[in-house]
Amino acid sequence: MATRSVLLSSSFLLIFLSFSLEKSNALEGRKTIESNFHTIQLTSILPSSSCKPSSKGKRGGTSLEVINKHGPCSQLNKKGEKGQTLTEILAHDQARVDSIQTRIAAQNFNLFRKTEKTSKKYRAKDSKTTLPAQPGTALSTGNYIVTIGIGTPKKDLTLIFDTGSDLTWTQCEPCFKTCFPQQQPIFNPSSSSTYSNISCSSTACSGLKSATGNNPLCSSSTCVYGIQYGDSSFSIGFFAKDKLTLSATDVFDGFMFGCGQDNKGLFGKTAGLIGLGRDPLSIVSQTSAKFGKYFSYCLPTRRGSNGHLTFGKNGAKSNLQFTPFASSQGTSFYFIDVLGISVGGKALAISPMVFKNAGTIIDSGTVITRLPSTAYANMRATFREFMSKYPRAPDLSLLDTCYDLSNYTTVSIPKISFNFNGNTNMELVPNGIFFVNGASQVCLAFAGNGDDDSIGIFGNTQQQTMEIVYDVAGEKLGFGYGGCT
Ligand SMILES: *[C@@H]1O[C@H](CO)[C@@H](O)[C@H](O)[C@H]1NC(C)=O
Ligand SMILES: *[C@@H]1O[C@H](CO)[C@@H](O)[C@H](O)[C@H]1NC(C)=O
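None of the values given here were measured: they were computed from a predicted structure.

A. Just the overall build of the chain, in detail. If you tally the helices and strands in the chain, you get eleven helices and 30 strands. Among the 485 residues that make up the chain, the fraction classed as buried is 51%. Sequence-distant contacts, at least 24 apart, represent 72% of the contacts inside the chain between residues at least 6 apart.

Here it is, written out as structure tokens:
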């Protein structure tokens, strides 16, 4: 639905802009100028408090419905319960970003890949966090959830999905230490006839080191995993196997996951997390015999529906552009190469070396795209220039380019597009440009890293409503428009 309003808005743009036809080449000029701006109804980017119900059934292939945990369509946001504030969401987002950057810097440090400067920064971050900042210190949680089935008989579990980590885990009875409140009944291994513990001596157990960053422990010969996330959330429990059910016809025996006995943190009312990273223990690798390490998703806007997470090539859309995954550092993250950015049709004067030195990952769980400082400063200056007719609004947490649009019904905003390796261009939809706290505080949804060395992250606000395809076996990332329709 949100996508439809975007489409509607872009046809608006053809009718809307008015120009003085002074010059003989005015028509040509109009074409250029129009195509560099989105002219949209303000309401099309404002959050809504009502859920627009899914208008379509699920697509082909093995497709799970994706909803925004913070949006009105989430069952986890019950009436009367206070959700996270936008400031809290942004604070958690920064914790996740710090954690990702620390983890990647640590890998670089171990692999002797980067300069001493990076390793110093790694140590500096290490000292100000309570987490052991070793490679693998994992991530804060993302904002999108899906429901899968585990066990026999199958129990439905709603999990956060995360392309930035690998181990799938859920809270498990008897919750030897702590379980946080979750909406569904907590998974009870003793009522599943197909559950088994994984032994300490198995190779799968030693695989936890790369999947979680932590060496496994052993408890009466059962393998014990531990995983921490950026905001000091964690899960510790038995490493186990059970039947995984994605759909009636997609059932996987012996799926390895964490059966969490001590779980704490900001997982909302979900039952845990599903890890879509590149490690051999991720769900992508464990289901590769059937799905060929190929998955796709569309992340709906906060008010939208029709999001999906689809495994296998069958459900994939056509009309995609592909950019090769960049050489990776470590086993989890998906690296891509940004070559340039343009704002309002103007290619920003950023040396491609800036992006190359920092590197970029695409991540389903980071909300706001992070850029090297030099790149962000350039984008911000150009964006502000094009938006100068609109009154500014106060900063919103880490967002420093906000506007008060409460006096407007229609706004004209510069288009933003990313040029990726492989001669591909992604033009962001209007919802992908802003993080919106009502009409009086509409903020550019980008932030700088504070330096030019830390990894850039292409975040989920920018991915909204797009079809995003991870062809992990083919080593390329695909994207297209209108993925949630
Ligand atoms: C799994 O291992 C734990 C710890 O050793 C034990 O308490 C539990 O009963 C085991 N579960 C099964 C089904 O074997
Ligand atoms: C909106 O318009 C009113 C009336 O003209 C004016 O007083 C107010 O300052 C404007 N607000 C903004 C944010 O531009």
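B. Here's a closer look at the site of ligand 2. With respect to spatial proximity, the complete set of residues near ligand 2 consists of P391, D404, S406 and N407. Class assignment of the residues belonging to the shell around ligand 2 gives a composition of one nonpolar, two polar and one charged.

C. A look at the confidence of the model for the chain. Per-chain confidence: the chain averages 83 in pLDDT, with 79% of residues scoring 70 or above. Low confidence marks residues 1–31, where pLDDT is under 50. Its contacts with residues over four positions away, or in another chain, come to 39 contacts. Here residues 109–141 is modelled with pLDDT under 50, and outside its nearest four sequence neighbours on either side it reaches 78 contacts, counting other chains as well.

D. Representation of the sheet that holds strand β16 (residues 338–343) in the model. Pairing within the open sheet is antiparallel, and its four strands lie in the order β17-β16-β23-β24. Looking at the sheet topology across the chains shown, the edges are occupied by β17 (346–347) and β24 (424–427). Contacts from helix α10 (residues 373–386) reach β16 and β17 within the one sheet, and its direction differs from that of β16 by about 20 degrees.

E. The arrangement of the site of ligand 1 in detail. The environment of ligand 1 is formed by P189, Y195, N197, S219, S220, T222 and F238. Here the residues of the shell around ligand 1 are counted per class, giving three nonpolar, four polar and no charged.

F. Structural context of the environment of S454. Structurally, S454 can be placed in the loop between β27 (446–448) and β28 (456–458). S454 sits 353 residues away from Q101 along the chain, and the two C-alpha atoms are 6.3 Å apart. S454 has contacts with Q101, A358 and N449, leaving out every residue within four places of it along the chain.

G. Region of interest: the UniProt feature "active site" (unreviewed entry) in the chain. Cross-referencing UniProt, the feature "active site" (unreviewed entry) maps to D162 and D363 in the present numbering. A compact arrangement is adopted by the annotated residues: their sequence extent is 202 residues, whereas the largest C-alpha distance between any two is 7.6 Å. Checked against the element boundaries, D162 lands in strand β4 (residues 155–162). In this structure D162 comes out as buried when scored by C-beta crowding, with 29 C-beta atoms within 10 Å. Its location among the elements puts D363 in the loop between β18 (360–362) and β19 (369–371). Overall, the presence of 27 C-beta atoms within 10 Å leaves D363 in the buried class. Setting aside chain neighbours within four positions, we find D363 in contact with T163, G164, I457, F458 and G459.

H. Expanded view of unusual backbone geometry. Going from T152 to P153, the amide bond is cis rather than trans, its omega being -5 degrees. By the secondary structure assignment, P153 is in the loop between β3 (144–150) and β4. E173 connects to P174 through a cis peptide bond whose omega is 5 degrees. Note that P174 resides in the loop between β5 (169–171) and β6 (196–197). With a phi angle near 65 degrees, T465 is a residue other than glycine that sits in the positive phi range.

I. Molecular detail of the environment of E475. Mapped onto the elements of the fold, E475 is located in the loop between β29 (467–471) and β30 (476–480). Residue E475 is classed as partly exposed on the basis of its C-beta count, with 13 C-beta atoms lying within 10 Å. C-alpha separation for the pair E475 and S327, spaced 148 residues apart in sequence, amounts to 9.5 Å. Leave out the neighbours within four places in its chain, and E475 touches P324 and F325.

J. Looking closely at the sheet that holds strand β26 (residues 442–444). The four strands lie next to each other as β20-β21-β26-β25, forming an open sheet whose pairing is antiparallel. Each edge of the sheet is formed by a strand with only one pairing partner; in this case those strands are β20 (392–393) and β25 (434–436). Both β20 and strand β21 (residues 402–403) contribute to a ladder of two bridges, which runs antiparallel. Across the sheet, the residue bridging to R392 is Y403, located in β21.

K. Highlighting the environment of I148. With respect to the helices and strands, the residue I148 is situated in strand β3. Classification of I148 by C-beta neighbours within 10 Å gives buried; the count is 25. In the structure, I148 is positioned 84 residues away from L64 in sequence and 7.9 Å away in space, judged by C-alpha atoms. When sequence neighbours within four positions are dropped, the list of residues in contact with I148 reads L64, L157, L159, L244, T245, L246 and I274.

L. Just the nonpolar core, in detail. By size, the foremost hydrophobic cluster in this structure holds 116 residues, and its most contacted members are L159 and F239. Counting residues per element, this core draws most heavily on helix α3 (residues 86–110), which supplies seven residues. Residue-level mapping places this core at the junction of two domains, with at least three residues from each of domain 1 (2–51 + 317–480) and domain 2 (62–310).

M. Structural view of the pairing of β29. With five of five residues buried, β29 is to be regarded as a mostly interior element. Judged by which residues are buried, β29 turns out to be covered on both faces: E467, V469 and D471 on one side and I468 and Y470 on the other are all buried. Note: β29 against β30, five bridges, orientation antiparallel. Paired with E467 across the strands is G480, a residue of β30. Taking the residues that link successive antiparallel strands as the turn, the β29-β30 hairpin has four residues, and the phi of E475 there is positive, at about 55 degrees.

Reading the values: the criteria
Residues numbered from 1 in each chain as written. Chains lettered and ligands numbered in written order. Predicted model: local features only at pLDDT ≥ 70, side-chain atom pairs only at ≥ 80, totals over all residues. Helix = DSSP H or I, 4+ residues; strand = E, 2+ residues; numbered from the N terminus. Buried ≥ 20, exposed ≤ 12 C-beta atoms within 10 Å, placed from the backbone. Contact = placed C-beta atoms within 7 Å. Near = placed C-beta within 6 Å. Nonpolar A, V, L, I, M, F, W, Y, C, P; charged D, E, K, R; others polar. pLDDT = per-residue confidence, 0-100. Pairing = 2+ DSSP bridges. Axes fitted to C-alpha atoms, helices over the stretch in contact; angles between N-to-C directions. UniProt positions renumbered as here; feature names shortened; annotations may be inferred. Core = buried A, V, L, I, M, F, W, Y, C linked by C-beta atoms within 7 Å. Domains from an automatic or database assignment.

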